Each structure stands twice: as C-alpha cells, then as structure tokens.
Amino acid sequence: MNCHPNHDKRIVVTLDAGGTNFVFGAIQDYQFIVTPVTKPSNSDVLEKCLNTLTEGFTEVINQLPEPPVAISFAFPGPADYPNGIIGGYLPNFPSFRNGVALADFLQEKLKLPVFINNDADLFTYGEAIAGVLPEINQRLENLGSAKRYRNLIGFTFGTGFGFGISVNGKMYVGDNSCSEIFCLPHKHLQNIIAEDGVSIRAVKRVYGELAGDPAHSLEPFDIYQIAEGVKIGNREAAQKAFALMGEVAGNVIAICASLLDGLIVIGGGLTKAEKYFMPALLKEMRSNFSTISGETVARVQSNVYDLQNDEEFLQFAKGNQQPLKVFGSEKEVIYDPQKRIGITISKLGADVATSLGAYAFAVSGMR
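Residues numbered from 1 in each chain as written. Predicted model: local features only at pLDDT ≥ 70, side-chain atom pairs only at ≥ 80, totals over all residues. Heavy atoms only, no water.

Help me get a handle on the packing of helix 5 (residues 200-211) against helix 6 (residues 220-228), residues and values and all.
Remark: helix 5 packs on helix 6, axes separated minimally by 9 Å, with the N-to-C direction vectors making an angle of 50 degrees. Classified by the angle their axes make, helix 5 and helix 6 are oblique. Relative to helix 6, helix 5 is oriented so that their crossing is left-handed. Contacts from I200, V203, K204 and Y207 in helix 5 reach P220, I223 and I226 in helix 6. Each residue belonging to the contact of helix 5 with helix 6 can be placed in one class, and the counts come to 6 nonpolar, no polar and 1 charged. (Axes fitted to C-alpha atoms, helices over the stretch in contact; angles between N-to-C directions. Helix = DSSP H or I, 4+ residues; strand = E, 2+ residues; numbered from the N terminus. Parallel < 35°, antiparallel > 145°, perpendicular 65-115°, else oblique. Left-handed = near helix turned anticlockwise from the far one by under 90°. Contact = heavy atoms within 4.5 Å. Nonpolar A, V, L, I, M, F, W, Y, C, P; charged D, E, K, R; others polar.)

Which residues make up the sheet that holds strand 12 (residues 170-171), and what values go with them?
With mixed pairing, 6 strands are arranged side by side in an open sheet as 12-11-10-13-19-16. Whereas interior strands pair on both sides, the edge strands pair on one side only; in this sheet they are strand 12 and strand 16 (303-306). The pairing of strand 16 with strand 19 (residues 340-345) spans 4 bridges and is parallel. What sits directly across from V304, in strand 19, is I341. Packed on one face of the sheet, helix 3 (residues 119-130) meets strand 10 (151-157), strand 11 (161-167), strand 12 and strand 13 (263-267) and runs near 45 degrees to strand 11. (Pairing = 2+ DSSP bridges.)

Could you give me a rundown of the sheet that holds strand 8 (residues 100-101), with the residues and numbers involved?
Read across the sheet, 3 strands follow the order 6-7-8 without closing on themselves; strand pairing throughout is antiparallel. The two strands at the open ends of the sheet, each matched to only one other strand, are strand 6 (79-80) and strand 8. With 2 bridges joining them, strand 6 and strand 7 (residues 85-86) adopt antiparallel strand pairing. Its bridge partner lying in strand 7, D80 is registered against I85.

For the pattern of salt bridges, give the residues involved together with the corresponding values.
Counted according to the given criterion, the structure contains 17 salt bridges. R10 is the partner of D8 in a salt bridge, and the nearest nitrogen-oxygen pair spans 2.8 Å. Using a relative accessible area of 8% as the deciding quantity, one classes D8 as buried. Note on R10: relative accessible area 23%, which makes it partly exposed. (Salt bridge = Lys/Arg side-chain N within 4 Å of Asp/Glu carboxyl O. Buried < 20%, exposed > 50% of the residue type's maximum accessible area, 1.4 Å probe, protein only.)

This is how it looks when you write it as structure tokens:
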C-alpha cells in the first residue's frame, strides 16, 4: 500500500534489527526495492556485530540502481537517538550496554548520513505517513464526512509494550527521546509494570497460571492455536490470557487517549489474537469512573469506535451532525458536537510500518 501523497525517488537503506537476525533492505518512494539480506546479528560480541552491520548494509548498497541518500532504521531499547548512541539495558544486545556511538561508526564506514530511532516511534510514524492515518482519512472523505485526523497514537504488542506518537505529520521525539508507557502500572498487580501484562512473556505467564502449568514451553502462537481449538491445551485459559492482556492494555491506552487525543493503531506479533483481546480492550476504554458525589464520568471523554467494524466506522464517519442557526440571521451551519476517536489494527504490519517510518524520517530530515 502506498498512501503517501508525494513521490520521492531518493533511496534509503533500512534495517530490521533483531537480537537474533539483522534484515537489511532498501526503500524508494515508499516501496521496498531489493531482496532483503539476512545475517545473524552476533549481538553478544560487539566487534562481530558492528562488522555484520557494515557487511549487510554494503551488500544492499551494491544491489541498488543508484547510490542511497541515507541509512535509517529502528533499534530496540534505550538510546540517545538524536545522537545515534545506543546503550543501557538491552537484553537482546548485551554488547551495547556500555554505550556504542553507532551512527558515527556507520557514517565513518559507509560515508552516508545515519538516522536511528525507537522502533515504536517509527512504527507510528510509518502508519501516519503511509498506513492507517491516510487510509482512514480517505475513507472519511469517500463517505462524505468533513472529519479529518492529523494525529496518531501507536502501540506495539510483542516482546515489549511499545508506544509512539505522530503529531501533524511529524514524529514526536521529546526532549530526551523517552516517551514510554511500558512502565505505567499494571491494572491488577500492585507495583508491577504494564508490560508484564502486555507482552509475549505476559501471555505465556498468564496462560501457565490459568492452566495450572507454569513450566509449559508454549509460545503465544501456540496459545492462540489453543484458543482457536486447533491445538490441544486449555482453551479457556488461552482465551482468558489474551483477554486479560486486552484489559491491561486498554487501561493504559485509555490514559494515553485522554491525554493525547488522536486515532489509535496497534501493531506487533500479538495482534493476530485480536478477536480475543480487542473486546476486553474496548470495554476498558469505554468504561466509566465515578466522582465522590456519585456522578458517572466516561474515562475517555471522546466516543471510542472500533474501526475494524464496518458498522462502527459508518457511525464514526457520521458523528452527530445537526443544523445550528447563526444568532440574529436566517443562516444555518452544520455543527457536530461529538468528540470521537477510533482504534484499529495495523494492516501493514509492524515491521513494514517501521521501515516506512524510517524512510520517511530520513527523507524529511534531508530536505
């Protein structure tokens, strides 16, 4: 899908940086243009890892019809992204924990500008530029709705619980490149982080607890197959493990939606289990709080629509339009007092959206 309105023929080399493998590629005009190059990351030995990065990028560059203008990619974990320095607690990249000036290293080796950003930030930016945001605005236009959205809040459900924001077509970075929600509180477990309720490890742990088999070796896809009834296991426990993940995620997303006010997109490997976690997530976002005086207050002050549901999308597009007379004249204007946001699952997939975000960030930064 290429929803971006402007054609850009510049080529940017990208990387999907995993703790096990590096997958190198290249994008031109929001399209992938080479066969990906995959190499083991060698993440536990710094020199081998850096050599692998240099070799992988070089192999891709040698495939290109013309020289690239930049290298741009996401790196998992804490970093000083504006300065391209990776360091801190990095379970999948132990050799980087003491700090690595990765952007400067690659610029010296490859003689190209290097842009490095947080993976969830780039996922959200990719969806804002070439994914759900332009798609939803196009659907609204096709339905004759005057409503348009400019802001997107992104969440990733996978190894961790990631978060990003795009505001008015730009990626929000912050003063410390540190907008995080994984460390917000878990709804049900005191003094425990939300990521221990919304992640691969959370689904595995909760299934084990509910099934009475904490030592199981199942992965989330196995648990999803059990929930579907196509694999032997405790089906009720499997379905509830995903539902509880949805409830914990919904609590955090409701907080973010109250503060930030934009459309919401979810990506990551766990979204395959959408049918099991989305009902609980939506129920949480649509829930109410009470005041001390006993009044009921919606915890999200905008109506929340499931944009995966065609009927709800029609209501989302329609809103609550009504005529309003201009005081002192016969003139009428159309007034829509309904505040509304929508939530959807990524169609691009987190990996593709992240790479497109990396491309967009690089070309926008070089104008």
